[in-house]
Amino acid sequence: MIKDYPKAIVTKDGASVLLRPATLADETELIKFFDQIPEEEQWFLREKLDDPVLLHEWLDRLDYDRILPIVAVRETDGAIVANLRLYRSGSKSLNHVAHIRIMVDPAYRKLKVGSWLMLDSVKLAMDLGIEKLVAEFIAGKEEAAIKAAAKLDFHQEGVLKAYVKDRQGNDLDLVIMVRNLHREWSDF
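Calculation rules
- Residues numbered from 1 in each chain as written.
- Predicted model: local features only at pLDDT ≥ 70, side-chain atom pairs only at ≥ 80, totals over all residues.
- Heavy atoms only, no water.
- Salt bridge = Lys/Arg side-chain N within 4 Å of Asp/Glu carboxyl O.
- Helix = DSSP H or I, 4+ residues; strand = E, 2+ residues; numbered from the N terminus.
- Buried < 20%, exposed > 50% of the residue type's maximum accessible area, 1.4 Å probe, protein only.
- Phe/Tyr/Trp six-rings, centres within 6.5 Å; stacked < 30°, edge-to-face > 60°.
- Lys NZ or Arg CZ within 6 Å of the ring centre and 35° of its normal.
- Contact = heavy atoms within 4.5 Å.
- Pairing = 2+ DSSP bridges.
- Axes fitted to C-alpha atoms, helices over the stretch in contact; angles between N-to-C directions.

## Focus on the pattern of salt bridges
- Applying the stated criterion to the full structure yields eleven salt bridges.
- When the shortest N-O distance is used, the salt bridge between K32 and E29 registers 3.2 Å. Of this pair, K32 and E29 are both found in helix α1 (residues 27-36), three residues apart, which corresponds to roughly one turn of the helix.
- Owing to a relative accessible area of 45%, K32 belongs among the partly exposed residues under this scheme.
- The salt bridge involving K165 is made with D171; its shortest N-O contact spans 2.5 Å.

Structure representation (structure tokens):
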């Protein structure tokens, strides 16, 4: 779990990036990170983490038992290039399910950082006893992420038609993908 961090990964171009839990000390770098995300994509964020005041409040209230944020930090200068948020419900009926959200700096999207984070989320969820990992994607906007999830054995569980609206008010489908997890790696 958290004791397994930091973890070093190597991007497709050979750069070294550390994965580790986010803390309040990451506030400045997270502000810079969200500034790199195009406004069109920020529109779809469930939390307004691109707002520095709301980001501060979110970081200040972090409860790793409910939301576990993992950041990908460039080793050369400490810049955050991606983040993963693993959400767990407080409900006993849903404590076996976790939802993930991943955001990657556009400059790092073709370097497999998102795939590394998704793979890490599987390991982290297994360590936490999670049985189902859920990811949601916007059809027509996140096709590369949908393909990456499918490569990691996420399957399409459903589509909510016209569930999301873009900035222009157009209806978009929400694709729900699920990965059923095993208790141990040896169960694969």
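## A closer look at the packing of aromatic side chains
- Counting across every chain of the model gives one aromatic pair.
- Geometrically, the ring pair formed by F33 and F34 is edge-to-face, given 5.1 Å between the ring centres and 75° between the ring planes.
- By relative accessible area, F33 is classed as buried at 1%.
- Positioned above the aromatic ring of Y5 is the side chain of K7, whose terminal nitrogen or guanidinium carbon lies 4.7 Å from the ring centre.
- Above the ring of Y87, the side-chain terminus of R101 is found at 4.5 Å from the ring centroid.

## Here we look at the environment of P69
- With respect to the helices, strands and loops of the structure, P69 is situated in strand β3 (residues 67-74).
- By relative accessible area, which is 3% here, P69 ends up buried.
- Residues P69 and I102, spaced 33 residues apart in sequence, show a C-alpha to C-alpha distance of 9.7 Å.
- In this structure, P69 is in contact with R20, P21, A22, W58, L62, Y64, L84 and R85, ignoring residues within four places of it in sequence.

## Topic: the sheet that holds strand β2 (residues 16-21)
- Strand order in this open sheet of eight strands is β1-β2-β3-β4-β5-β6-β8-β7, and the pairing throughout is mixed. This sheet does not close on itself; its edge strands, each paired only once, are β1 (7-10) and β7 (155-165). This sheet shows a mean twist of 25° between the axes of neighbouring strands, independent of strand direction.
- Relative to β3, β2 is paired through five bridges, and the arrangement is antiparallel. When the bridges of β3 are listed, L19 appears paired with A72.

## Focus: the pairing of β7
- As paired elements, β7 and strand β8 (residues 171-180) share seven bridges and run antiparallel to each other. Across the sheet, residue L160 finds its bridge partner in β8, namely L174.
- Here β7 folds back onto β8, and the loop between the two strands holds five residues, one of which, G169, carries a positive phi near 90°.

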